[in-house]
Structure formats: structure tokens, C-alpha cells
Amino acid sequence: MSDEIDTSMRQFNYPLVYVMGFFYTVAGLLHFIVPKTYERVIPSQFPRPLFLVYVSGIAEIVLGIGVMIQRTRRLSAWGLIALLIAVFPVNIHMATNDMATDVGPDWATDIIRKATWARLPLQGILILWAWWYTRLPPERSD
């Protein structure tokens, strides 16, 4: 029975780990493509915001690639959880200081504002998604 559960979990999570890895890798690359957008939303209490943008971008790229590699999957998933927790204050800052108006075009302000608030509980879902890859049994090489 346990083998059946392990097999079905692997079949379901196999494609999702690549979706997750791609998501974080692209998000990390965006830190280098449009760094000013990310720098603008970092709370003023944080030192060297541009440096933090680049460090978090590198972390997202490395961890996004790492979660797609079976050998580094668990460690990378734990790293993603830590990263998601670390950037949560920025997400709160964006939502509570109505920073959505600075990020997008005027016609999308209301949509972006709602998405910024929706991102807060989404962060918990992303943490659970990453946590899933810390809990999976190791793949067998039968």
C-alpha cells in the first residue's frame, strides 16, 4: 500500500517540480532584467536594496535549478522555504503601503492592488508546495 502511495505521489509531483523550478528561475532572472522594479518595493529600513535584489535573484535562480535536480531537491526546497519567509516582509510592505500603483499601468492599478494582497496567503501555499519536496521519500533505483 505504501509503495502505491509513493508511486502515485511521484507521478503527480514529477511535472510540478519542473513548474516550480522554472517559476523560480524566471523570477530570479527578472531581478537582473528589471532590478529597479524590485528595488523600489524593498522597505527603507533594509540596507542596500539593490544588493538585496541581486542576492535574492541569485538565490531564486540557484534554488529553482536545484529543486529540479533530484540530488539537490530536498536542500533546494528547504532553501526556497527560507527564501519565501525572508521576502515575506517585503510582500507585507508592498500590500500595506499600496505600492501597486508604482508597479503597473494606471488601468491595472486596482487589479495589481488586489493581487498584492492575494500574494500574502499565496506565500503560504508556495511554502507548502516547496515543503512537499522536503517530505517525499527518496526515489528508488530498482
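Look up a bit, the structure's there.
Reading guide: rules and limits
Residues numbered from 1 in each chain as written. Predicted model: local features only at pLDDT ≥ 70, side-chain atom pairs only at ≥ 80, totals over all residues. Heavy atoms only, no water. Helix = DSSP H or I, 4+ residues; strand = E, 2+ residues; numbered from the N terminus. Buried < 20%, exposed > 50% of the residue type's maximum accessible area, 1.4 Å probe, protein only. Contact = heavy atoms within 4.5 Å. Areas by Shrake-Rupley, 256 points an atom, 1.4 Å probe, with all protein chains shown as cover. Expected span 1.5 Å × (residues − 1). Bend = angle between axes of the 7 residues up to and from the residue. Phe/Tyr/Trp six-rings, centres within 6.5 Å; stacked < 30°, edge-to-face > 60°.

This part covers the overall build of the chain. When its secondary structure is counted, the chain shows six helices and zero strands. N-terminal to C-terminal, the α/β element order of the chain is α-α-α-α-α-α. Looking at the chain as a whole, 35% of its 142 residues are labelled buried. For the chain, long-range pairs separated by at least 24 residues make up 71% of all intrachain contacts whose partners lie at least 6 apart in sequence. Carbon and sulfur atoms provide 69% of the accessible area of the chain, an area that totals close to 9,000 Å².

Once that is clear, we can look at helix 4 (residues 73-96). Under the 1.5 Å per step criterion, the end-to-end length of helix 4 is 34 Å for 24 residues, consistent within 8% with the ideal 34 Å. Helix geometry: helix 4 is bent most strongly at Val87, by close to 35°, with proline Pro89 lying one to four residues after it. When we look at burial in helix 4, the residues that qualify are Arg73, Ser76, Ala77, Leu80, Ile81, Leu83, Leu84, Val90, Asn91, His93, Met94 and Ala95. Phi turns positive, to about 50°, at Asp98, one or two residues after helix 4.

This part is about the packing of aromatic side chains. If you walk through the whole model with that rule in mind, you get three aromatic pairs. Aromatic pair Phe23 and Tyr24: ring centres 4.9 Å apart, planes at 80°, arrangement edge-to-face. Residue classification places Phe23 among the partly exposed positions, given a relative accessible area of 40%. Of the residues examined, Tyr24 reaches a relative accessible area of 2% and is grouped as buried. Pairing Phe32 with Tyr54 gives two aromatic rings, centres 5.2 Å apart and planes at 15°, and the pair type is stacked. Here Phe32 is found in helix 1 (residues 2-33), whereas its partner Tyr54 is found in helix 3 (residues 49-67), with 22 residues between them in sequence.

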